[in-house]
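Structural description and commentary
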Amino acid sequence: MFSPIKINYMHTEQQKDEALWKIAKRRAAFKQTCTVYFFVNAFLVGIWFFSSGPWSYFWPKWPMLGWGFGLAIQYFDAYHSNNIFTAEDEYIKLKNEKTQQ
């Protein structure tokens with residue numbers, strides 16, 4: 001049985017602008033995080049190089065990998081999540097299922 005669900009769509013320009021503003025904030029935050037990631041990790045590599053030398057164990061890889069994983073998730077959220085899992089796509093799927101019955 002198909003239950004009636006109230007579907008909220010972006011009809012007004014103000015709602016569309018708010019959604020675009022949220023995307024713009026996420027993208028700006030990602031760019032800022034990338035900059036901080038680069039400088040902090042360059043600093044860590046500098047500490048490693050000048051304290052242990054280039055032939056010692058490269059310990060900065062661990063913060064780079066951990067933070068890099070988080071950065072990859074933030075990138076996906078900022079640049080690709082607005083196209084996936086949208087309410088409009090789900091509505092179209094449900095509408096197609098209902099018409100096929």
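Here the structure is shown first, and the text comes after it.
Residues numbered from 1 in each chain as written. Predicted model: local features only at pLDDT ≥ 70, side-chain atom pairs only at ≥ 80, totals over all residues. Heavy atoms only, no water.

**Quick notes on the overall build of the chain**
Selection criterion: Secondary structure elements follow DSSP: runs of H or I no shorter than four residues count as helices, runs of E no shorter than two count as strands, and numbering proceeds from the N terminus. Type-normalised accessible area, obtained with a 1.4 Å probe on protein chains alone, sets the label of each residue: buried when under 20%, exposed when over 50%, and partly exposed for intermediate values. Residues count as neighbours in contact if any of their non-hydrogen atoms are within 4.5 Å of one another. A 1.4 Å probe and the Shrake-Rupley method give the accessible areas. Residues count as covered only by the protein chains that appear here.
Scanning the chain from terminus to terminus reveals 3 helices and 0 strands. The N-to-C order of helical and strand elements in the chain reads α-α-α. Evaluated residue by residue, the chain yields a buried proportion of 11% over its 101 residues. In the chain, the proportion of contacts linking residues at least 24 apart, taken out of those at least 6 apart, comes to 61%. Just so you have it, the chain exposes about 8,500 Å², and 67% of that area is on carbon and sulfur atoms.

**Topic: the packing of helix H1 (residues 13-52) against helix H2 (residues 61-79)**
Applied cut-off: Orientation is described by axes fitted as lines to C-alpha atoms, over the contacting stretch for helices, and by angles from 0 to 180 degrees between their N-to-C directions. Throughout, the term roughly parallel applies to angles under 35 degrees, roughly antiparallel to angles over 145, roughly perpendicular to angles from 65 to 115, and oblique to all others. Two helices cross in a left-handed way if the nearer one is turned anticlockwise from the farther one by less than a right angle. They cross in a right-handed way if the turn is clockwise. In the scheme used here, Gly and all other residues not listed as nonpolar or charged are polar, with Ala, Val, Leu, Ile, Met, Phe, Trp, Tyr, Cys and Pro taken as nonpolar and Asp, Glu, Lys and Arg as charged.
At a minimum axis distance of 9 Å, the contact between H1 and H2 shows a crossing angle of 165 degrees. Classed by the angle they form, the pair H1 and H2 counts as roughly antiparallel. Note on packing geometry: the crossing formed by H1 with H2 is left-handed. Here the residues of the contact of H1 with H2 sort into 16 nonpolar, 4 polar and 4 charged.

**A closer look at the environment of cysteine 34**
Tracing the backbone shows cysteine 34 in helix H1. Taking C-alpha positions, cysteine 34 is 9.9 Å from glutamine 74, a pair spaced 40 residues apart along the chain.

**A closer look at the environment of serine 56**
Threshold: In protein, a polar contact means a hydrogen-donor-capable atom and an acceptor-capable atom, both N or O and within 3.5 Å, with residues adjacent in sequence counting only if both atoms are side-chain atoms; elsewhere, any N or O pair within 3.5 Å suffices.
The topology assignment puts serine 56 in the loop between H1 and H2. Overall, serine 56 belongs to the partly exposed group, its relative accessible area being 26%. A polar atom in the side chain of serine 56 sits 2.9 Å from the backbone oxygen of glycine 53.

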